[in-house]
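Chain residues, written in single-letter form:
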Amino acid sequence: MLVRHGESSYNVERRVQGHGDKSTLTEAGQQSADRVGAALSDLSFDAVYCSPLRRAKDTADRILSRLQNPPATPLQTTDNLKEINLILWEGLLFKDVATKYPDGYRDWQTQPHKLKMSIPGESGETDYYPVPALFEQAATFWQEILPRHAGQTILLVAHSGINRALISTAIGLSRDRYQSVQQSNCGISVLNFAGGFGDPVQIESMNLTAHLGEPLPKPKAGQQGSRFLLVRHGETNWNRDKRFQGQIDVPLNENGRAQSQRAAEFLKAIPIHHAVTSPMLRPKETAEIILQHHPDVRLDLEDNLKEISHGLWEGKLEAEIEAGYPGVLQQWQRSPETVQMPEGENLQQVWERAIAAWDSIVQTAASRPEPGTTLVVAHDAVNKAILCYVLGLEPEHFWNFKQGNGAVSVIDYAQDTDIRPVMMAMNITVHLSDGILDKTAAGAL
């Protein structure tokens, strides 16, 4: 579990922090750290690691003080959780960085992996690339920590940049996508590792902020544009039974309707301007329930958002599929991009139509005088394809993302088209279980 430190004095001043240790938690930052502790209080951690920088360590101390069952081992600090080293910028206001280093600042926003700092030394200048160095630091951390804690639950308290690098290296995200995931102050992210570094990893959730009184993360400063709320439909009986449904039009069950109602309450105060859904019964009803609080919003139907066609697997349980197609189900779970569903689709086909639908939705929003917020309700496989696409990942990364029934993900697009979209939050389910962990029925996929 990853947590970013609470709001700091430099955050408020919009000043670059990096490796510098002059910044301290504000009163609001201290309160947010306490709220993280309350949100995690009933969970058990085998170990807690944090950055040695004050803003992170103070956050970790406050969290630990509120855990009902703190770990037996004391809080451990490691330099591998330090923030990105922006040595030439540290202490400067971001606006002054933009003025003094215009080319570097533009690289920072649009191609961060190419940001170069020329560091003076006794034998001349040395070229330093902060983002690649941070990714190497993150990989080293995973390589050292994961073998120590196989099968355990650990809490990491660090910073925005290193947390993004930790998430990125865990799922194979390239360095040029450093700015594509958000980490809010005291936001919580949950990663599930199947083994060591390089083995399969699932992001269960990313950048949860509801425990701070913010249902959805605030947009990044200066990058307001279009916001998209990507929602998976509520539960069906087939989800509960772990039966493959695909394009069979299974309706919501009573729990699925209750989940949709809770999603509706969760999003009630969020201005929604436009809405699009798969035409199938389960997402359409989910969307209609959410939009009860937004009666002036028209709901458009998009065929390309339909769930993957499982072909002859549809209606079957996993045991029945294994009996009829020995080994293929395991192949689907390990290398989904290599599987052709019998008389159904493969992932590449789902990719092409889901991305066509998504690009059209994004372009339509951008063409409006006031893009606002668009609600998109679809399915597990389609949502995963969209999330991969937003981060520049291919179909082999399909299983890196969890999508719970009734879960909400948040994706922001800046008005500046040179700036890549940002995944602000992923798989928010706190409105469904009143806790940090996703307890929804995963269903068969």
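Residues numbered from 1 in each chain as written. Predicted model: local features only at pLDDT ≥ 70, side-chain atom pairs only at ≥ 80, totals over all residues. Heavy atoms only, no water.

Secondary structure assignment for the protein yields 15 helices and 14 strands. Dimensions of the protein, computed from the C-alpha atoms along their principal axes, are close to 70 × 55 × 40 Å. Taking all contacts inside the protein whose residues are at least 6 apart in sequence as the whole, residues at least 24 apart take part in 73%. Entry remark: accessible area of the protein is about 18,100 Å², with carbon and sulfur atoms responsible for 46%. Between the mean site of the 42 positive side-chain charges and the mean site of the 54 negative ones, the protein shows a separation of 4 Å. (Helix = DSSP H or I, 4+ residues; strand = E, 2+ residues; numbered from the N terminus. Contact = heavy atoms within 4.5 Å. Areas by Shrake-Rupley, 256 points an atom, 1.4 Å probe, with all protein chains shown as cover. Lys, Arg positive; Asp, Glu negative; His and termini not counted. Charge placed at Lys NZ, Arg CZ, Asp CG, Glu CD.)

Locating Gln-259 in the fold gives a position in helix H9 (residues 254-266). Given the relative accessible area of 7%, Gln-259 is considered buried. Residues contacting Gln-259, with those up to four places away along its chain left out, are Gly-234, Glu-235, Asn-405, Leu-432 and Thr-440. (Buried < 20%, exposed > 50% of the residue type's maximum accessible area, 1.4 Å probe, protein only.)

With that settled, the discussion passes to the layout of surface pockets. In this structure, the largest pocket occupies an estimated 1,200 Å³ of space. What lines the largest pocket is a set of 49 residues, among which Arg-4, Asn-11, Arg-14, Gln-182 and Asn-185 lie closest to the centre. Counting only elements with at least two residues in the lining of the largest pocket, the list comes to helix H1 (9-13), helix H2 (27-39), helix H5 (102-110) and helix H7 (160-171). Take the lining of the largest pocket: its biggest share by element is five residues, from H2. (1 Å grid on protein atoms, 1.4 Å probe; cavity = no way out; pocket = protein on both sides within 12 Å on 5 of 7 lines; lining within 4 Å. Points joined across faces, edges and corners; volume = space filled by probe spheres on them.)

The next point concerns the pattern of salt bridges. Enumeration according to the criterion identifies 20 salt bridges in this entry. Taking the shortest distance from any N to any O, the salt bridge between Arg-106 and Asp-418 comes out at 3.2 Å. Of this pair, Arg-106 sits in helix H5 while Asp-418 is found in the loop between strand E13 (408-414) and strand E14 (422-428), placing the two residues 312 residues apart along the sequence. Arg-106 sits in the partly exposed class, given a relative accessible area of 30%. Judged by its relative accessible area of 49%, Asp-418 falls in the partly exposed class. Among the ionic pairs, Asp-438 bridges to Lys-402, the shortest N-O distance being 3.6 Å. In this pair, Asp-438 is assigned in the segment after helix H15 (430-433) and Lys-402 in the loop between helix H14 (380-390) and E13, connecting sequence segments 36 residues apart. (Salt bridge = Lys/Arg side-chain N within 4 Å of Asp/Glu carboxyl O.)

Time to look at the pairing of strand E8 (residues 201-208). Burial of E8 is extensive: seven of the eight residues sit out of reach of the surface. When strand E7 (residues 188-193) meets E8, the two strands line up antiparallel, connected through five bridges. Opposite Leu-191, over in E8, you have Ile-203 as the bridge partner. (Pairing = 2+ DSSP bridges.)

As a further point, take empty space enclosed by the protein. The final tally for this structure, using the stated rule, is two cavities of 30 Å³ or more. Its volume calculated, the second largest cavity comes out at about 50 Å³. Taken together, Pro-219, Lys-220, Gln-223, Asp-412, Tyr-413, Ala-414, Arg-420 and Val-422 form the lining of the second largest cavity. With three residues, E13 is the single largest residue contributor to the lining of the second largest cavity. The class makeup of the residues in the lining of the second largest cavity is four nonpolar, one polar and three charged. (Nonpolar A, V, L, I, M, F, W, Y, C, P; charged D, E, K, R; others polar.)

Now for the packing of aromatic side chains. This model, assessed by the stated rule, comprises 15 aromatic pairs. Where Trp-89 meets Tyr-101, the ring centres are 6.2 Å apart and the plane angle is 35°; that geometry is what we call tilted. In this pair, Trp-89 sits in the loop between strand E3 (76-77) and helix H4 (94-100) while Tyr-101 sits in the loop between H4 and H5, placing the two residues twelve residues apart along the sequence. Tyr-101 gets classed as partly exposed once you look at its relative accessible area, which sits at 24%. (Phe/Tyr/Trp six-rings, centres within 6.5 Å; stacked < 30°, edge-to-face > 60°.)

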